[in-house]
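# Geometric and topological summary
The chain contents come next:
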Amino acid sequence: MVYSFPEEVLEYVFAFLSSDKDRNAVSLVCKSWYEIERWCRRRVFIGNCYAVSPQIMIRRFPEVRAVKIKGKPHFADFNLVPERWGAYVYPWISAMARSYPWLEEIKLKRMVVTDESLELISKSFKNFKVLSLSSCEGFTTDGLSSIAANCRNLRELDLRESEVEDLSGHWLSHFPDNFTSLVSLNMSCLGSEVSFSALERLISRCPNLKTLRLNRAVPVEKLASLLRRAPQLVEFGTGACSTEIRTDIFSNLVEAFSGCKHLESLSGFWDVVPAYLPAMYCVCSRITKLNLSYATVQSPDLVELISQCSNLKCLWVLDYIEDAGLKALSSYCKDLQELRVFPSDPYSAEPNVSLTEQGLVTVSAGCPKLQSVLYFCRQMSNAALIAIARNRPNLLRFRLCIIEPQAPDYLTLEPLDTGFGAIVEHCKELRRLSLSGLLTDRVFEYIGTHAKKLEMLSLAFAGDSDLGLHHVLSGCESLRKLEIRDCPFGDRALLANAAKLETMRSLWMSSCSVSYGACKLLGQKMPNLNVEVIDERGPPDSRPESISVEKLYVYRTVAGPRADKPDFVWTMDEDGALRFS
Amino acid sequence: MAYENDMNLKATELRLGLPGTIDESQIKEPSFLKSNNKRSSGDMDNSANEDECSPVPKAQVVGWPPVRSYRKNVLQQQKKNFDSDVLGMYVKVSMDGAPYLRKIDIKVYKNYPDLLVALENMFKFSIGVYSEREGYNGSEYAPTYEDKDGDWMLVGDVPWDMFVNSCKRLRIMKGSEVKGLGCL
């Protein structure tokens, strides 16, 4: 019988379980399995930093080596979450500094990280290896200096898309001369110039360097020298490539790239002069990921490059690629799995490029492995969406942004309900969906009926009434994250589906019609939810209860209301009374 | 009946802007109701130049379209560079008395003499000699340009690069108006 296995054997078996879901399931089998598992869990993922406290995490999992924590809701990326809302990492770092001396990895997303936190990290964990700060803010390059100077075994430093106060490029020079363990460095979000000779020396002495993403300040004429010192690179991000083209720069670059036999991913290309792109042709056949989303290059030049990347799996590009370029993509890159097309001029009333729904339809037809789409465009039709759905039932992520809010089907002037309905009906494994365009409650009926695997849904300027929200909350069984802005959804659907919210990570609603009274009621009914009213107009009870709140953020938690709220956030309490920070 | 009155009133209404342009900025609706993005009233000033400036951006809704700030900032900077580098800096050129306007790409020229020779060839006239004190001496024409502030300036006073970056359109003035400049 299973319970006669010695603990050591069970522990050995559990070590093969890497997925949190499996480990959680194992913990529920019986008390002894719970105990054994919790002592050998090495990786913890915390999807919402306010869902649990550092103390609870440490109490349950005493031997953790790697932590990943997410903070602000996704809409913070678009300035919808006011500054000072929260998501401070310091309390986590300080608790872990005391209890996890052997911590090796910290990965954070959308959190506020201070120089103090970085210094504490650098001094508290002797075997610290991986620091990844994705879309974080609150620190300066001084904090990076601490990391560089003190983390003797650092392998990864990844600052992707973080907002760093760039005091100087001097931080890089703090890596000691005997520091050789670097495997991955992503400094693409920084502005200042780092000492080039320090960078060269760092790269030369780190033989395991696989990922190097430079910032804009590194000019194209210096790239060859870096590449020659790191021919083993697998992922490379250039700096700005805007220097006027010269034959010597170009030929050095060609030579350097041809020495890189392992390159699979390229990025950077800010302001790239198109004449430089051919320097990369020699590595194109091995490239699987290409991020050209900062390259203001016209379609023909893009096509020249892409047509050589027969193994391309992931492409991020600006809409300069146009329908013609996407047609070429669909014929050359049959392994394509992910496509993101960003707008080059999102605020102009008129299209500046010839990119329409047709480009996406063509790619959906020509790329059988396409599973992940992010597409900004200015026109869409139900016919196109239906075609995409039929072509690609294997879609997992579909995010469409039609730039004009509430834009109808441009051919029929109807809402896009049937188009998106086709997407959820055909793409049965769909996990993530973002809607745009003119949409009625109908589309939500389709989503509630068909989107059974949907985990994240983003809505803007959509729907007619509470019925829309009700369809989603009552029908989408796998829903974890729902974010809504500017939709006419109100109290009834929310209160009728209150229990659903406990099965989800979070719900965001801004500029909707949820009254303060309903928020209070929700907070009363659901003690395991934090119902946060975010309102910069002052205390909600200074207005009638029927007035809609500006923003509402509801999330499940075992940590109770948070203690670090700013003055524009109120947590609706069990007593129905307000809690002030 | 009331509708017709409405139409008549609109026709005689006093408001800023050219006849035929509609002022949408007066319409106020909650953002989630079905309505188009509003134009800010600042757009009215541009209505006269609508055909020559790039399309005016609509009044921006916060966080829409959903583009991250870093990308927004990079793109805005790049667009300025891209449009002028790759797409050229085409400006209209009008000549007093000519039946139609022309367009030239001022980025194609390296300095004032190149530009002036090109203008002379295009409109078949001769321009005279530039001096700081007297403007263009020796002809009844003077090349002028409208700058970013909307003021009409004499071509040649500022450094070439500054001129290229601030010139919105060119006008070759003729006759008595020119003499007026010379008298200043």
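Residues numbered from 1 in each chain as written. Chains lettered and ligands numbered in written order. Predicted model: local features only at pLDDT ≥ 70, side-chain atom pairs only at ≥ 80, totals over all residues. Heavy atoms only, no water.

## Let's talk about the overall build of chain B
Helix and strand content of chain B: 5 helices and 7 strands. The order of helices and strands in chain B, counted from the N terminus, is α-α-β-β-α-β-β-β-β-α-β-α. Burial status across chain B gives 32% buried among its 184 residues. Residue pairs in contact within chain B that sit at least 24 positions apart in sequence constitute 43% of those at least 6 positions apart. Put simply, chain B shows about 12,000 Å² of open surface, and 54% of that area lies on carbon and sulfur atoms. (Helix = DSSP H or I, 4+ residues; strand = E, 2+ residues; numbered from the N terminus. Buried < 20%, exposed > 50% of the residue type's maximum accessible area, 1.4 Å probe, protein only. Contact = heavy atoms within 4.5 Å. Areas by Shrake-Rupley, 256 points an atom, 1.4 Å probe, with all protein chains shown as cover.)

## Topic: the packing of aromatic side chains
All names here are of chain A. A complete count under the given rule lists 25 aromatic pairs over all chains for this structure. Taken together, a centroid distance of 5.6 Å and an interplanar angle of 70° make the contact between Trp85 and Tyr553 edge-to-face. Linking Trp85 in the loop between β2 (66–70) and α5 (90–99) with Tyr553 in strand β22 (residues 551–556), this pair joins segments that are 468 residues apart in sequence. A residue is classified by how much of its surface remains accessible, and Trp85, at 1% relative accessible area, is buried. In this structure Tyr553 comes out as buried when scored by relative accessible area, which is 3%. On the numbers, 5.9 Å between centres and 55° between planes, the contact of Trp508 with Tyr553 is tilted. Here Tyr553 lies in strand β22 and Trp508 lies in strand β20 (residues 506–510), a separation of 45 residues in the sequence. Sitting over the ring of Phe196, Lys222 keeps its end group 4.9 Å from the ring centre. It is Lys289 that lies over the ring of Trp316; its NZ or CZ is 4.6 Å from the centre. (Phe/Tyr/Trp six-rings, centres within 6.5 Å; stacked < 30°, edge-to-face > 60°. Lys NZ or Arg CZ within 6 Å of the ring centre and 35° of its normal.)

## As for a nonpolar patch on the surface
On the surface, Phe5, Val9, Tyr12, Val13 and Phe16 of chain A cluster together into a nonpolar patch covering about 540 Å² of accessible area. Along the chain, Phe16 of chain A turns up in the loop between α1 (7–14) and α2 (20–27). (Patch = residues over 30% accessible without salt bridge, like charges linked within 9 Å, V, L, I, M, F, W, Y side chains within 5 Å. Salt bridge = Lys/Arg side-chain N within 4 Å of Asp/Glu carboxyl O.)

## Topic: the sheet that holds strand β6 (residues 152–154) of chain B
As a general point, the strands of a sheet are linked pairwise by backbone hydrogen bonds and lie either parallel or antiparallel. All names here are of chain B. Strand order in the open sheet formed by 5 strands is β2-β1-β7-β5-β6, with mixed pairing between adjacent strands. Each end of this open sheet is capped by a strand with a single partner; those strands are β2 (102–105) and β6. Averaged over all adjacent pairs, the angle separating strand axes in this sheet is 35°, with direction ignored. Note that strand β5 (residues 141–146) and strand β7 (residues 169–174) share 6 bridges and pair antiparallel. From the neighbouring strand, Glu146 faces β7, where its bridge partner is Arg169. Contacts between helix α3 (residues 112–123) and the sheet are confined to β1 (90–95), β2, β5 and β7, with β2 contributing the most and set at about 155° to the helix. (Pairing = 2+ DSSP bridges. Axes fitted to C-alpha atoms, helices over the stretch in contact; angles between N-to-C directions.)

## What to know about the pairing of strand β19 (residues 481–485) of chain A
All names here are of chain A. Counting buried positions along β19 gives 5 out of 5 residues, so the element sits mostly inside the fold. Where strand β18 (residues 456–460) meets β19, 5 bridges bridge the pair, whose relative direction is parallel. Counted as the bridge partner of Leu459 is Ile484 from β19. Viewed along the sheet, the connection from β18 through helix α17 (residues 466–475) into β19 turns out right-handed. Across 5 bridges, β19 lies against β20 in parallel orientation. Pairing of Leu482 across the sheet is with Leu507, part of β20. (Right-handed = clockwise from strand over helix to strand, strands pointing away.)

## Observations concerning the side chain of Ser506 of chain A
On the secondary structure map, Ser506 of chain A appears in strand β20. Excluding residues that lie within four positions of it along the chain, Ser506 of chain A makes contacts with Arg480, Lys481, Leu482, Tyr553, Val554 and Tyr555 of chain A.

## Focus: the side chain of Ser188 of chain A
Among the structural elements, Ser188 of chain A can be located in the loop between β8 (184–186) and α8 (196–205). A residue is classified by how much of its surface remains accessible, and Ser188 of chain A, at 18% relative accessible area, is buried. A polar atom in the side chain of Ser188 of chain A sits 2.7 Å from the side chain of Asn186 of chain A. Those residues within four positions of Ser188 of chain A in sequence are excluded, and the remaining contacts are Arg213, Leu214, Asn215 and Trp270 of chain A together with Tyr70 of chain B. (Polar contact = N/O pair within 3.5 Å; in protein donor to acceptor, adjacent residues only side chain to side chain.)

## Details of the environment of Ala384 of chain A
All names here are of chain A. Locating Ala384 in the fold gives a position in helix α14 (residues 382–391). Taking the C-alpha atoms as reference points, Ala384 and Glu357, 27 residues apart in sequence, are found 6.6 Å from one another. Look past the residues within four positions of Ala384 in its chain and what remains in contact with it is Glu357 and Val361.

## Examining the interface of chain A and chain B
Of the residues lining the interface, 44 residues belong to chain A; the matching set on chain B comes to 30 residues. With both sides pooled, the region where chain A packs onto chain B buries about 3,600 Å², and carbon together with sulfur makes up 56% of that total. Taken together, the links from chain A to chain B amount to 2 salt bridges. Between Arg68 of chain B and Asp77 of chain A there is a salt bridge, with the nearest N and O atoms lying 3.9 Å from each other. For the interface between chain A and chain B, the tally reads 7 residue pairs in polar contact (both at pLDDT 80 or more). (Buried area = accessible area lost by both parts, 1.4 Å probe.)

## Examining the pairing of strand β3 (residues 105–109) of chain A
All names here are of chain A. Bridging between β2 and β3 involves 5 bridges; their strand directions are parallel. The residue bridging Ala66 from the neighbouring strand is Glu105, located in β3. For the crossover that starts at β2, traverses α5 and ends in the parallel β3, the hand is right-handed. Alignment of β3 against strand β4 (residues 130–134), held across 5 bridges, turns out to be parallel. Within β4, the residue paired with Ile106 across the bridge is Leu131. Taking the sense of rotation as the criterion, the β-α-β connection linking β3, helix α6 (residues 115–124) and β4 turns out right-handed.

## A look at the pattern of salt bridges
Residue and element names in this part refer to chain A. Scanning the model with the defined rule gives 32 salt bridges over all chains in all. Between Asp20 and Arg41 there is a salt bridge, with its nearest N and O atoms 3.8 Å apart. Of this pair, Asp20 sits in helix α2 while Arg41 sits in the loop between α3 (31–40) and β1 (43–46), and the two are 21 residues apart along the sequence. Judged by relative accessible area, Asp20 falls into the partly exposed class, the value being 25%. Ionic pairing is found between Asp248 and Arg246, a salt bridge with its closest N-O pair at 3.0 Å. What emerges from the salt-bridge pattern is a single network uniting Asp20, Arg23, Glu37 and Arg41.

## Quick word on helix α11 (residues 299–306) of chain A
Among all positions in α11 of chain A, only Ser299, Leu302, Leu305 and Ile306 of chain A are buried. For α11 of chain A, the arc enclosing every buried residue in end-on projection is 125°, short of the 170-degree limit, so these residues lie on one face. (Arc of directions from axis to C-beta.)

## What to know about helix α10 (residues 247–258) of chain A
Helical geometry note: an α-helix holds 3.6 residues per turn, so side chains three or four residues apart project in the same direction. Compared with an ideal rise of 1.5 Å per residue, which puts 12 residues at 16 Å, α10 of chain A spans 16 Å between its outermost C-alpha atoms and is within 8% of the ideal. Against the buried residues of α10 of chain A lie α9 (223–229), β10 (235–237) and β11 (265–267) of chain A. (Expected span 1.5 Å × (residues − 1).)

## A short note on the confidence of the model for chain B
All names here are of chain B. Mean pLDDT for chain B: 70, with 57% of residues reaching 70 or above. Considering only residues more than four positions removed or in separate chains, one finds that residues 1–7, a stretch of pLDDT under 50, has 0 contacts. Scoring of the predicted complex yields 0.80 for pTM and 0.88 for ipTM. (pLDDT = per-residue confidence, 0-100.)

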